[in-house]
Amino acid sequence: MGSLRQKQHRDLALLIEMIHVASLIHDDVVDGSDMRRGGATLHAQFGVKLAVLAGDFLLARASVVLGGLHDTRVVQLVSTALDSLVTGELMQISSREGSAENCNHMLSQYLRKTYMKTASLISSATKSTALLSDRAASDSVVDSCERFGYHLGMAFQVVDDILDFVGQSDSLGKPVQADMKLGIATAPVLFASKEIPILCALIDRGFEEPGDLAQATSLVTESHGVEQSYRLAHFHAHLASIALLELPPSVYRDALMELLRMTVCRDS
Ligand code: FPP
Ligand code: MG
């Protein structure tokens, strides 16, 4: 029984990683990005057709592994997360059109999109882990695991967006300021726009006019946008640590706490 559970947990980790990699391969195509983890992206090396099919292949294989878990609750959770991933990416693309009338609305849309494209997969994984350990859906351990994944995912993506703005391409292993170049407004610029309303006009037109990128960068740098984004990331990390501490002490819990710390302190 113990080894069956171990295999299920391993298969869950495997299929979540496969979905994650598939989503990044497709994301690099959508974003037209040619560098990931310090190397050329798949589509830059082998072309868009092969990259799209490689992502599809990983997704197909992940579905086979998911079915093999024989747990309908986990199948439902992970397939809903897949739906959210695609919806989040679509929300991001439509946010480039810049139709938001006010910055508050944009910030709440950003948080929703962040849940969809990142936190949904992580929380479905952590919740599934508890369900595969024979926990009932109503068990508080399931709830703690889900909240841990949710807040870890939110913190991770907010830091990712901060690093896209302030980070160095060499250490990140991917292009920087990619979001603004794609017309996407993330936490640093959205917070800054509350302090410096002129940024709303630049966000609205997707930083498309000549000089927009340079002007937006210097306005965000002058503002508290990055600081407030870090505050948001730390807020989620704090809630993640509370959820984690509801679980019994173990070396695994310690490792997850360290992972959480690294998520907010990383510079790459
Ligand atoms: C990275 O965002 C992208 C994601 C977290 C999700 C991408 C989802 C899809 C492309 C939908 C298709 C899904 C599947 C399963 C094939 P980012 O561009 O902000 O991060 P980056 O800077 O690392 O590229
Ligand atoms: Mg991308």
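Above this note sits the structure.
These figures come from a predicted structure and were not determined experimentally.

Colleague: What is the right way to read the site of ligand 1 from this model?
Modeller: In the vicinity of ligand 1 there are 16 residues, among which D27, D31, R36, K117 and K174 approach most closely. Contact between ligand 1 and R36: an oxygen atom at 2.7 Å from a side-chain N or O atom of the residue. Calculation on ligand 1 without its partners gives an accessible area of 630 Å², and the protein chains cover 90% of this total. Only α1 (2–31), α4 (72–95), α5 (103–131) and α6 (140–166) provide two or more residues apiece to the shell around ligand 1. Ranked by residue count, the leading element in the shell around ligand 1 is α1, at five residues. Taken together, the residues of the shell around ligand 1 sort by class into five nonpolar, four polar and seven charged.

Colleague: Which parts of the structure should I look at to understand the coordination of the magnesium ion (ligand 2)?
Modeller: Ideal geometry at a metal centre: 109.5 degrees between donors when four sit tetrahedrally, and 90 or 180 degrees when six sit octahedrally. Surrounding the magnesium ion (ligand 2) are the protein donor atoms D27 (OD) and D31 (OD), at 2.0 to 2.1 Å. Here D31 and D27 lie together in helix α1, a separation of four residues that amounts to about one turn. With a relative accessible area of 14%, D27 lands in the buried category.

Colleague: Help me understand the side chain of R266 in this model?
Modeller: Mapped onto the fold, R266 is located in the segment after α13 (251–265). A polar atom in the side chain of R266 sits 3.3 Å from the side chain of D160. One polar contact links the side chain of R266 to the main-chain carbonyl oxygen of S268, over a distance of 3.3 Å. Apart from the residues within four sequence positions on either side, R266 is in contact with F156, V159, D160 and L163.

Colleague: How should helix α9 (residues 187–195) be read in this particular structure?
Modeller: The periodicity of an α-helix, 3.6 residues per turn, causes residues three or four places apart in sequence to face the same way. With seven of nine residues buried, α9 is to be regarded as a mostly interior element. Taken residue by residue, α9 has A187, P188, V189, L190, F191, A192 and S193 as its buried positions.

Colleague: What am I meant to see in the environment of A44 here?
Modeller: Along the polypeptide, A44 turns up in helix α2 (residues 42–46). Overall, A44 belongs to the partly exposed group, its relative accessible area being 42%. For the pair A44 and G32, spaced 12 residues apart in the sequence, the C-alpha separation amounts to 8.8 Å.

Colleague: Even after reading the chapter, I still don't get the side chain of T263, so can you show me in this structure?
Modeller: Tracing the chain through its elements places T263 in helix α13. Judged by its relative accessible area of 7%, T263 is buried. Setting aside its immediate chain neighbours within four residues, T263 contacts L152, A155, F156 and V159.

Colleague: Mind showing me how you'd approach the packing of helix α12 (residues 225–245) against α13 here?
Modeller: If you want to describe how two helices pack, look at the angle between their axes and the distance between the axes. Their axes nearest at 10 Å, the elements α12 and α13 cross at an angle of 175°. Between α12 and α13, the interaxial angle falls into the category roughly antiparallel. Here Y230, A233, H234, A237, A240, S241, L244 and L245 of α12 lie close against α13, whose contacting residues are R253, L256, M257, L260 and V264. When grouped by side-chain class, the residues that make up the contact of α12 with α13 number 10 nonpolar, two polar and one charged.

Colleague: Mind showing me how you'd approach the nonpolar core here?
Modeller: One recurring pattern in soluble globular proteins: nonpolar side chains tend to sit buried together. The biggest cluster of nonpolar side chains holds 62 residues, and the ones touching the most others in it are L15, V74, L199 and F207. Top contributing element to this core by residue count: α6, with 11 residues. Discounting chain neighbours no more than four positions away, the residues touching F207 are M180, G183, I184, A185, V189, L202, D212, L213 and A216.

Colleague: Help me out: how do you make sense of the packing of aromatic side chains in this one?
Modeller: Describing an aromatic ring pair means giving the distance of the ring centres and the angle of the ring planes. Throughout the structure, instances matching the rule amount to one aromatic pair. Residues Y115 and Y150 carry aromatic rings whose centres are separated by 5.8 Å and whose planes lie at 50° to one another, so their mutual orientation is tilted. Separated by 35 residues along the polypeptide, Y115 in helix α5 and Y150 in helix α6 bring together distant segments of the chain. Judged by its relative accessible area of 31%, Y115 falls in the partly exposed class. Y150 sits in the partly exposed class, given a relative accessible area of 28%.

Colleague: Sorry if this is basic, but what is going on with a nonpolar patch on the surface here?
Modeller: On the surface, V30, V86, L90 and I93 cluster together into a nonpolar patch covering about 330 Å² of accessible area. If one sorts the elements of the nonpolar patch by residue count, α4 sits on top with three residues. Taking relative accessible area as the criterion, V30 reaches 38% and is therefore assigned partly exposed.

Colleague: How should empty space enclosed by the protein be read in this particular structure?
Modeller: Rolled over the atoms, a probe sized like a water molecule indicates the empty space that remains. Inspection of the entire model under this criterion finds one cavity of 30 Å³ or more. One number sums up the size of the largest cavity: a volume of about 50 Å³. Taken together, D161, D164, F165, Q177, M180, T186, P188 and V189 make up the full set of residues lining the largest cavity. Top element by residues in the lining of the largest cavity is α6. It accounts for three residues.

Thresholds applied
- Residues numbered from 1 in each chain as written.
- Chains lettered and ligands numbered in written order.
- Predicted model: local features only at pLDDT ≥ 70, side-chain atom pairs only at ≥ 80, totals over all residues.
- Heavy atoms only, no water.
- Near = heavy atom within 4 Å.
- Polar contact = N/O pair within 3.5 Å; in protein donor to acceptor, adjacent residues only side chain to side chain.
- Areas by Shrake-Rupley, 256 points an atom, 1.4 Å probe, with all protein chains shown as cover.
- Helix = DSSP H or I, 4+ residues; strand = E, 2+ residues; numbered from the N terminus.
- Nonpolar A, V, L, I, M, F, W, Y, C, P; charged D, E, K, R; others polar.
- Donors = N, O, S within 2.8 Å, 3.2 Å for Na, K, Ca; no water.
- Buried < 20%, exposed > 50% of the residue type's maximum accessible area, 1.4 Å probe, protein only.
- Contact = heavy atoms within 4.5 Å.
- Axes fitted to C-alpha atoms, helices over the stretch in contact; angles between N-to-C directions.
- Parallel < 35°, antiparallel > 145°, perpendicular 65-115°, else oblique.
- Core = buried A, V, L, I, M, F, W, Y, C linked by side-chain atoms within 4.5 Å.
- Phe/Tyr/Trp six-rings, centres within 6.5 Å; stacked < 30°, edge-to-face > 60°.
- Patch = residues over 30% accessible without salt bridge, like charges linked within 9 Å, V, L, I, M, F, W, Y side chains within 5 Å.
- Salt bridge = Lys/Arg side-chain N within 4 Å of Asp/Glu carboxyl O.
- 1 Å grid on protein atoms, 1.4 Å probe; cavity = no way out; pocket = protein on both sides within 12 Å on 5 of 7 lines; lining within 4 Å.
- Points joined across faces, edges and corners; volume = space filled by probe spheres on them.

Honestly, it's all geometry; don't read function into it.
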